[in-house]
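The chain contents come next:
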Amino acid sequence: MNRKMQLRHGNIGQEFRAQFHAFLLSRPSFTFLLLIYAAYMVAAKVGQGFAIIPGIDITFWPPAGLMIGILLVCPRRFWPWLLLVGMVGEATANELWFKNPYHFTALYILGNVLEVTGGALIYARLSQTPDRVNTLRETLAFVLMALAAPVAGATIIAFVDAFIAQKHNFLQAWGLVWLGDATGILAATPMVIVAERIWSSRHDLSRLRILEATLVIIAATVVFIAAMYTWQQFAYANLPLLAWLAVRTRFAGTAIAIALLTVVATVIVSNRMGVFAGNPDLLQLRVVFVQSYVGVSALVSLLVAVLAQQYEETLARLQALNRSLEDNVAQRSESLRETDEKLQLALEAAESGTWSWDESSRQTIWDQRFMQSHGLSPEAPTTLETWIGVIHPDDQRRVRMQLDQFRAVGGAGKWEMEYRVQTPLAGEKWILTLGRADRRHGGRLIGLKGICLDITFRKTHEERLRMLMRESNHRKKNLLAVVMGIARNTVAHEPADFLERFQARIHSLAAGYDLLINNAWRGVDLRQMLNLQLAHFGDIVGRRIFMEGPPVQISASIAQPLGMALHELATNASKYGSLSNDVGEVRISWMLSAAEGLPGEPEFRMSWVERGGPPVAKPVRKGYGTAVTGKMIEMTVNGTVVIKHDKRGLSWTLSCPARNLIEDDGMAQPVRDPHQA
């Protein structure tokens, strides 16, 4: 048990030494503590200057406000040292000026310590920023603290004076001490709280503003001195000046003015100058009046300074918010501009136009690309009928039906329509319009808006794909006939090596297909294409099949339909024409020449002429082969095909602008047609 007690006492000792060591480490600098001590002694001297009422030592005690302010602006780890300095200052003041017994002094010190500690804790609890008095809430918290903090000190000091020293009645002593300490807090604490702010913001005031504040402080001091020598109540004429000072300089000018008026009041009261040199019976009332005046002036100035500061901060926040809104608007405007630019680039890249239609006004709005794609002039009325008027007659009914469906309540939400238009320059074009309906009030249509696309190329491509599919089926049927013709010719002329030659010609036929597939998207040499298409006639090329023409590079988009046309001609020649017997011939020629009536515009001409074959008669029925060698190739090259069924043999002639068929880098120099005069 003894050992446990020893260990416990040892632990307590170690903890005490650790706490004492931490207390020593948390000590502020000696210079700072000496400045606090000096400030406390000055404040105590100011309070002693008001002690001119016979039998009453203290009527105004600014050290209480000084210490509360210092505690609020300093870290709490400094508080024990600051309270110790205050206790030393209180003891020194009692020794120098008040001459109270030591046990009285100890009780006074206890009351002051409780007062300043309680006041600092109350304000720190009620205020959001204990080292500031910025808002109305903090001002009200400060006033409440100034009224509540002196209760502890007034109770202890009044108890000593009434029951131990037996100087005064308890209630009388309590009221005087409470009023003196509350006035000291109202006058001194704000000055301490704003001291750091005064120092940090001293450069925020212009020289003109400093001069203005100086003149106002001098005027307030003159008014106060005049009131102290004539009529005390006249001192309240200073309140407008102090309010002006609070508005113009905030806490800085207010703190300086209250401090100066307190010093002047101390000098006048302590030396019994002015009204204090008169009737001794009125001395207590006049001292209490000055005390109250200092407290009221400090409170009013503080409230005005806080309201002015709050107004300025609110105005600054509003201005910052306004700038932020302006920046946001500018950013949104810039973002909208960039979005609009991107949209325009996307529309230009897609060659799309925009349109909109308002149901109430029955007016349409369309852009330049919409008008160009529909062949509309800028002067044309922007109405629904103008738009429908340029649509192909066969498609107008379909467009009107869909439009009526959209205009019905609760109709569809998305618009999609393909139709043809007749334009003066480009002829017939296919247009796709896409849009979205704007519906409100139970599905009632407000308007439509969307884009339009020229899909003529797509439609043409789709038509070509359909023709290719039909050609593929047609070729499947013709392939057996071609193979049979190859076999028949081979066995008739070379029966000995039939298998070898037959395989070679089949491979040549397959190579022709490969050329169409492999060169579908790049230029093809015309002679090479002819050689591959006629590869299965390889033994008679140069003997019965003759080719003549300059080097020409056919564009990728033309090579396939032209190859199909040549294949069809070759197939028909082998089945029914000059290559169906043993003596017929085919002459294939092409050339570039100047177009008639268009100087400098080259024209491409190509002919397929059969001679020596069976008699030729014009077919009674036009099959798919006729379409491939005629209409399809005409549409592809935007040219003209002439087919003659002469008794001597078939002749096929193609003519078109050279730029529609030949690659840019594959055009030979045009020559003069020898058949032209």
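Residues numbered from 1 in each chain as written. Predicted model: local features only at pLDDT ≥ 70, side-chain atom pairs only at ≥ 80, totals over all residues. Heavy atoms only, no water.

Things to note about the overall build of the protein
- Along its length, the protein carries 20 helices and 12 strands.
- Once local pairs closer than 6 in sequence are excluded, the contacts in the protein between residues at least 24 apart make up 65%. (Helix = DSSP H or I, 4+ residues; strand = E, 2+ residues; numbered from the N terminus. Contact = heavy atoms within 4.5 Å.)

Quick notes on the pairing of strand β12 (residues 649–657)
- Buried residues dominate β12, accounting for 7 of its 9 residues.
- In this structure, strand β11 (residues 640–646) lies alongside β12, joined through 7 bridges in antiparallel fashion. Each residue of the ladder has a partner; that of Thr640, found in β12, is Ser655.
- Adjacent in sequence and paired antiparallel, β11 and β12 are bridged by 2 residues. (Buried < 20%, exposed > 50% of the residue type's maximum accessible area, 1.4 Å probe, protein only. Pairing = 2+ DSSP bridges.)

Observations regarding a nonpolar patch on the surface
- On the surface, Leu208, Leu211, Leu215, Ile218 and Val222 cluster together into a nonpolar patch covering about 510 Å² of accessible area.
- Structurally, Leu208 can be placed in helix α9 (residues 207–229).
- Of the residues examined, Leu208 reaches a relative accessible area of 66% and is grouped as exposed. (Patch = residues over 30% accessible without salt bridge, like charges linked within 9 Å, V, L, I, M, F, W, Y side chains within 5 Å. Areas by Shrake-Rupley, 256 points an atom, 1.4 Å probe, with all protein chains shown as cover. Salt bridge = Lys/Arg side-chain N within 4 Å of Asp/Glu carboxyl O.)

With respect to the pattern of salt bridges
- Tallied over the entire structure, the rule returns 11 salt bridges.
- For Asp395, the salt bridge goes to Arg420, with nearest N and O atoms at 3.1 Å. Of this pair, Asp395 sits in helix α15 (residues 393–407) while Arg420 sits in strand β3 (residues 414–423); the two residues are 25 residues apart in sequence, bridging distant segments of the chain. Each member of the pair, Asp395 together with Arg420, is buried.
- For Glu603, the salt bridge goes to Arg605, with nearest N and O atoms at 3.2 Å.
- Residue class for Glu603 comes out buried when judged on its relative accessible area of 16%.
- Through salt bridges with shared partners, a single ionic network connects Asp394, Asp395, Arg398 and Arg420.

What to know about the environment of Trp79
- The topology assignment puts Trp79 in helix α4 (residues 79–98).
- A residue is classified by how much of its surface remains accessible, and Trp79, at 10% relative accessible area, is buried.
- A C-alpha to C-alpha distance of 9.3 Å links Trp79 and Arg27, two positions 52 residues apart in sequence.

Here's the deal with the pairing of strand β1 (residues 352–358)
- Relative to strand β5 (residues 444–454), β1 runs antiparallel, the two being bridged by 7 bridges. When the bridges of β5 are listed, Ser356 appears paired with Lys449.
- As defined by bridge partners, β1 adjoins strand β2 (residues 363–366) across 4 bridges and the pair is classed as antiparallel. Bridge assignment links Ser356 to a residue of β2, and that residue is Ile365.

Quick look at the packing of aromatic side chains
- All chains considered together, the criterion is met by 10 aromatic pairs.
- Note that Lys459 overlies the ring of Trp430, its terminal NZ or CZ placed 4.5 Å from the centroid.
- Between Arg587 and the ring centre of Phe546, over which it is positioned, the NZ or CZ distance is 4.5 Å. (Phe/Tyr/Trp six-rings, centres within 6.5 Å; stacked < 30°, edge-to-face > 60°. Lys NZ or Arg CZ within 6 Å of the ring centre and 35° of its normal.)

Topic: the environment of Met67
- The residue Met67 is located in helix α3 (residues 62–73) in this model.
- A residue is classified by how much of its surface remains accessible, and Met67, at 3% relative accessible area, is buried.
- For the pair formed by Met67 and Thr117, sequence separation is 50 residues and the distance between their alpha carbons is 8.7 Å.
- Beyond its immediate stretch of four places on either side in the chain, Met67 contacts Ile36, Tyr40, Leu82, Gly86 and Val116.

Thoughts on the packing of α3 against α4
- It is at 10 Å that the axes of α3 and α4 come closest, and there the two elements cross at 165 degrees. Accordingly, the angle class assigned to the pair α3 and α4 is roughly antiparallel. Note on packing geometry: the crossing formed by α3 with α4 is right-handed. Two secondary-structure elements touch here, α3 through Met67, Ile70 and Leu71 and α4 through Trp79, Leu82, Leu83 and Gly86.
- Residues belonging to the contact of α3 with α4 are distributed by class as follows: 6 nonpolar, 1 polar and no charged. (Axes fitted to C-alpha atoms, helices over the stretch in contact; angles between N-to-C directions. Parallel < 35°, antiparallel > 145°, perpendicular 65-115°, else oblique. Left-handed = near helix turned anticlockwise from the far one by under 90°. Nonpolar A, V, L, I, M, F, W, Y, C, P; charged D, E, K, R; others polar.)

A word on the sheet that holds β2
- Spatial ordering of the open sheet is given by β2-β1-β5-β4-β3, a layout of 5 strands whose pairing is antiparallel. Strand pairing shows two members of the sheet lacking a second neighbour, β2 and β3, which therefore form its edges. Direction aside, the axes of adjacent strands within the sheet are offset by 25 degrees on average.

Some remarks on the nonpolar core
- Ranked by size, the top nonpolar core spans 66 residues in total, and within it Ile70, Leu82, Ile185, Phe224, Met228 and Phe276 carry the most contacts.
- The element that contributes the greatest number of residues to this core is helix α12 (residues 283–349), accounting for 9 residues.
- Core analysis: the next-biggest nonpolar cluster, separate from the first, contains 36 residues, Phe537, Ala559, Val637 and Leu650 among them. (Core = buried A, V, L, I, M, F, W, Y, C linked by side-chain atoms within 4.5 Å.)

So, helix α10 (residues 238–249)
- Here α10 contains 12 residues, and its C-alpha end-to-end distance of 16 Å stays within 8% of the 16 Å for a straight helix at 1.5 Å per residue.
- Along α10, the residues that are buried comprise Asn238, Leu242, Leu245, Ala246 and Thr249. Projected onto a plane normal to the axis of α10, the buried residues spread over an arc of 100 degrees and lie on a single side. (Expected span 1.5 Å × (residues − 1). Arc of directions from axis to C-beta.)

Re the environment of Pro614
- Along the chain, Pro614 falls in the loop between β10 (598–611) and α20 (624–637).
- Taking the relative accessible area as the measure of exposure, Pro614 reaches 31% and is therefore partly exposed.
- Considering only alpha carbons, one finds Pro614 and Leu579, 35 residues apart in sequence, at a separation of 9.3 Å.
- Setting aside anything within four residues of it in sequence, one finds Pro614 in contact with Tyr576, Gly577, Ser578, Ser580 and Asn581.

Overview of the side chain of Glu212
- Structurally, the position occupied by Glu212 is in helix α9.
- Apart from residues lying up to four places away in sequence, Glu212 is in contact with Trp244 and Arg248.

Section: unusual backbone geometry
- One non-glycine residue with positive phi stands out, namely Asn638, at about 55 degrees.
- Its location among the elements puts Asn638 in the loop between α20 and β11.

Comments concerning α4
- Along α4, the positions that sit buried rather than exposed are Trp79, Trp81, Leu82, Leu83, Val85, Gly86, Gly89, Glu90, Thr92, Ala93, Asn94 and Phe98.
- Of the residues trailing α4, Lys99 is marked for its positive phi of about 55 degrees.

Focus: the packing of α9 against α10
- Between α9 and α10, whose axes approach to 9 Å, the crossing angle comes to 160 degrees. As judged from the angle between their axes, α9 and α10 are roughly antiparallel. Like other packed secondary-structure pairs, α9 and α10 cross with a definite hand, here left-handed. Across the interface between the two elements, Arg209, Glu212, Ala213, Val216, Ile217, Ala219, Ala220, Val223 and Phe224 of α9 pack against Asn238, Leu241, Trp244, Leu245, Arg248 and Thr249 of α10.

A word on the confidence of the model for the protein
- When pLDDT is averaged along the protein, the result is 78; 79% of the residues meet or exceed 70.
- In this model residues 666–677 is a low-confidence stretch, pLDDT under 50, and it forms 25 contacts with partners more than four residues away in sequence or in other chains. (pLDDT = per-residue confidence, 0-100.)

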